[in-house]
Amino acid sequence: MANVLFITTDQQHYLAMGYRNPEVRTPNLDRLVEQGTTFHRAYTVNPTCTPTRASWLTGTYPSQHGAYSLGTKLMEDRRTVGEYFQAGGYRTALVGKAHFQPLLETDEFSSLESYPRLHDLDFWREFSGPFYGFERAELARNHTDESHVGQHYAIWMEEKGLADWRNYFRPNSVSQTVPGDPLTESPHTSPEPGEPWELPVEYHYNSWITERTNALMEEYARASQPFFLWASFFDPHPAYMVPEPYASMYDPDEVTVPEHRDGEFDDKPPYFRRALEEHPDFSDYLEEEGNAIHGAGSHRRSREQKAKSIATMYGMMTMLDDAIGTILEKMDELGIAGETLVCFTTDHGDFLGQHGLTAKAIHHYEDLIRVPLVVRRPGVVPRGVVSDSLQSTVDLPQTFLAMAGLPVPREMTGVDESRVWRGEVDTLRRHVVVENQHQPTTMNMRSLVTPRHKLTVHYGREHGELYDLVADPGEYVNLWDRPEAEELKSRLLLEFLYAEMEKAPLPMPRISVA
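We now turn to the structure provided with this report. (Residues numbered from 1 in each chain as written. Predicted model: local features only at pLDDT ≥ 70, side-chain atom pairs only at ≥ 80, totals over all residues. Heavy atoms only, no water.)

Here helix α13 (residues 486–502) is 17 residues long and its end C-alpha atoms lie 24 Å apart, about the 24 Å a rise of 1.5 Å per residue gives. Taken together, the buried positions of α13 are Leu488, Lys489, Leu492, Glu495, Phe496 and Ala499. One side of α13 carries all its buried residues, which in axial view fall inside an arc of 125°. Opposite the buried face of α13, at more than 90 degrees from it, the exposed residues are Glu486, Glu487 and Met501. Looking at the packing, one finds that the buried side of α13 touches β14 (432–437), β15 (444–449), β16 (453–458) and β17 (464–468). (Helix = DSSP H or I, 4+ residues; strand = E, 2+ residues; numbered from the N terminus. Expected span 1.5 Å × (residues − 1). Buried < 20%, exposed > 50% of the residue type's maximum accessible area, 1.4 Å probe, protein only. Arc of directions from axis to C-beta. Contact = heavy atoms within 4.5 Å.)

Here it is, written out as structure tokens:
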């Protein structure tokens with residue numbers, strides 16, 4: 001019975017690793033690449049947090065598990081990978097970011113991750129699971145200095161002696177202020193871009209996640225209990241900020257700053273051009289049962305602003321790498337590296353100026369939907385292999401179970417990639433599908449990615465996107481309306497229909513003629 005250690009970051013560009021980008025130093029992740037198999041054509045199932053993380057739990061697509069966008073939740077009755085691991089005799093734990101539920105709740109839709117409960121530390125002192133198949137869940141909800149901070153992370157800071165931890169995090173925004181919430185009086189203001197976050201490293205959430213992951217791993221190893229353990233880091237999700245010494249580790253004058261190419265949005269969906277306006281109007285995309293649209297705003301940033309953001313993001317990645325290295329060293333110390341599958345990935349990518357864009361989440365360029373994916377298990381996963389096999393992160397739960405020797409539930413609709421991870425076959429997927437129902441109808445798109453092409457269909461719109469990723473890896477030329485690509489588009493649309501049909505869950509075989 002192999003252990004599974006799942007290590008994730010949040011909103012990481014797939015090139016933000018040293019082995020692919022010498023501008024950033026990530027020696028521990030680079031060593032993981034050397035020791036395992038790395039997939040350069042891995043894609044997220046959705047370019048936002050909640051839908052993807054729910055897919056990691058269920059092995060199904062957002063359109064199937066129901067947490068289709070930010071501000072929704074994974075319904076509590078959905079079966080999860082943690083439940084299947086527990087049924088197989090495994091200990092299960094999550095430390096860090098969950099984001100399976102929204103920040104606010106209603107009478108109809110409750111949320112354990114909502115205000116004011118996030119800040120009710122007495123509640124979290126009593127609650128540590130079960131939570132979506134994790135018998136132990138130690139949680140936090142903030143990115144950098146967000147006011148969402150609280151839960152188990154805040155308790156840990158207090159136990160470490162940081163009684164005034166609230167002074168390092170922002171006060172609540174007006175939309176999230178609730179009566180009696182203790183964080184509303186925080187005097188903290190966010191540092192300017194490029195300036196250090198004053199939170200000491202020893203109290204940073206990376207230190208908390210690392211310490212608690214190592215403690216749980218040791219507990220399970222000492223008891224000879226197999227485990228499925230998820231170390232869920234928050235960085236390098238914006239706002240970009242990091243404590244010293246990482247804040248000044250990279251010089252903004254020495255980083256490569258991506259830029260928009262003049263005219264590149266001329267053949268793109270109309271809303272792309274609004275990103276370059278100072279005050280774009282996206283009111284035509286608002287709808288009942290929708291909400292704010294991530295990425296529907298101005299992406300205009302000066303070169304200096306982008307350079308500072310990239311340099312800070314690099315510092316965040318190096319700090320993350322140090323934390324991950326500490327976890328991997330603990331695994332070696334415990335003598336369990338040989339019996340543990342390690343998987344490293346992120347929930348989705350990021351824009352740092354590519355195509356003139358920043359952050360996420362409504363432009364399906366490779367920068368946003370392509371993700372790093374590294375797997376290691378000595379003697380089982382081939383060492384030092386870089387593969388171009390198409391991978392989707394919806395495949396992770398069933399592949400984890402298969403690699404652990406446990407049954408794969410038929411209800412999961414991804415692909416069991418265990419034969420590819422073991423090096424027994426080169427590839428299994430002919431395509432991947434990326435869903436993005438950010439709004440119920442007005443901002444709703446899906447992409448089909450093949451080894452060579454990407455096709456994006458926008459619901460209810462005549463416009464679309466078609467790119468040749470070999471001839472045009474920068475995705476500057478949209479072939480959607482090109483007469484010479486009409487046959488190609490028709491063929492890919494048919495393949496897209498086949499891919500959607502393949503996703504249908506088949507919970508049992510036909511066991512009788514009728």
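Ring pairs (aromatic) are described by centroid distance and by the angle formed between their planes. One pass over the full model with this rule turns up 35 aromatic pairs. Ring centres of Trp56 and Trp230 lie 5.6 Å apart, and the angle between their planes is 65°; this geometry places the pair in the edge-to-face category. Note that Trp56 is positioned in helix α2 (residues 49–58) and Trp230 in strand β6 (residues 227–232), a separation of 174 residues in sequence. Relative accessible area serves as the criterion here: at 3%, Trp56 is assigned to the buried category. Classification of Trp230 as buried rests on a relative accessible area of 1%. (Phe/Tyr/Trp six-rings, centres within 6.5 Å; stacked < 30°, edge-to-face > 60°.)

Turning our eyes to something else, we now look at the pattern of salt bridges. Tallied over the entire structure, the rule returns 33 salt bridges. Note that Glu135 is salt-bridged to Arg91, the shortest N-O span being 2.8 Å. One end of the pair, Glu135, is in the loop between α5 (121–126) and β5 (136–140); the other, Arg91, is in strand β4 (residues 91–97), and 44 residues separate them in sequence. When its relative accessible area of 29% is taken as the criterion, Glu135 is described as partly exposed. With a closest N to O distance of 3.7 Å, Arg482 and Glu484 form a salt bridge. Judged by its relative accessible area of 33%, Arg482 falls in the partly exposed class. For Glu484, a relative accessible area of 60% corresponds to the exposed category. (Salt bridge = Lys/Arg side-chain N within 4 Å of Asp/Glu carboxyl O.)

Of all 7 residues that make up strand β1 (residues 3–9), 7 are buried, and the element is covered over most of its length. Residues Asn3, Leu5, Ile7 and Thr9 line one face of β1 and the alternating positions Val4, Phe6 and Thr8 line the opposite face, and both faces are buried. Pairing between β1 and β6: 5 bridges, direction parallel. Looking across to β6, one finds that Val4 is bridged to Phe228. (Pairing = 2+ DSSP bridges.)

Counting buried positions over the 10 residues of α2 gives 10, a clear majority of the element. Among all positions in α2, only Cys49, Thr50, Pro51, Thr52, Arg53, Ala54, Ser55, Trp56, Leu57 and Thr58 are buried. Two residues or fewer after α2 comes Gly59, characterised by a positive phi angle close to 70°.

Our next topic: the sheet that holds strand β10 (residues 370–371). Strand order in the open sheet formed by 3 strands is β10-β3-β13, with mixed pairing between adjacent strands. Both edges of this open sheet fall to β10 and β13 (391–392), since each of them pairs with a single strand only. In this sheet, β10 lies alongside strand β3 (residues 42–43) in antiparallel orientation, the contact comprising 2 bridges. By the bridge assignment, Ala42 is partnered in β10 with Val371.

The residue after Tyr115, namely Pro116, is reached through a cis peptide bond having omega -5°. Turning to its location among the elements, Pro116 is positioned in the loop between β4 and α5. Cis geometry is adopted by the peptide bond preceding Pro130, which originates at Gly129 and carries an omega value of 0°. With respect to the helices and strands, Pro130 occurs in the loop between α5 and β5. The backbone of Ala359 shows a phi angle near 60°, a positive value even though the residue is not glycine. Looking at the secondary structure, you find Ala359 in strand β9 (residues 358–359). What makes Ala359 partly exposed here is its relative accessible area of 26%.

With that settled, consider the nonpolar core. What tends to happen in soluble globular proteins is that the nonpolar side chains get buried as a cluster. Phe85, Tyr153, Phe400 and Trp421 are the most contacted members of the largest nonpolar core, which totals 107 residues. Take this core: its biggest share by element is 15 residues, from helix α9 (residues 303–334). If we skip the residues at most four places from it in the chain, Phe85 touches Val4, Tyr90, Thr92, Phe228, Phe400, Leu401, Ala404 and Leu406. (Core = buried A, V, L, I, M, F, W, Y, C linked by side-chain atoms within 4.5 Å.)

Moving on to the pairing of β4. Counting buried positions along β4 yields 6 of 7 residues, so the element is predominantly enclosed. In terms of strand pairing, β4 meets β6 through 6 bridges, oriented parallel. Residue pairing for β6: Thr92 is matched across the bridge by Phe228. Of the pairings in the sheet, the one linking β4 to β5 comprises 5 bridges and is parallel in character. In the strand pairing of β5, Ala93 is matched with Arg136.

Now for the sheet that holds β6. In space, the 8 strands of this open sheet follow the order β5-β4-β6-β1-β7-β11-β2-β12, with mixed pairing throughout. Every other strand in the sheet has two partners, leaving β5 and β12 (385–387) as the edge strands with one partner each. Across the sheet, the mean angle separating the axes of adjacent strands is 10° when strand polarity is ignored. Of the strands in this sheet, β2 (37–39), β7 (340–346) and β11 (373–376) touch helix α1 (residues 27–35), which is tilted by about 60° from β11. Most of the contacts of helix α11 (residues 396–403) go to β7, to which it runs at about 170°, and overall it touches β1, β6, β7 and β11. (Axes fitted to C-alpha atoms, helices over the stretch in contact; angles between N-to-C directions.)

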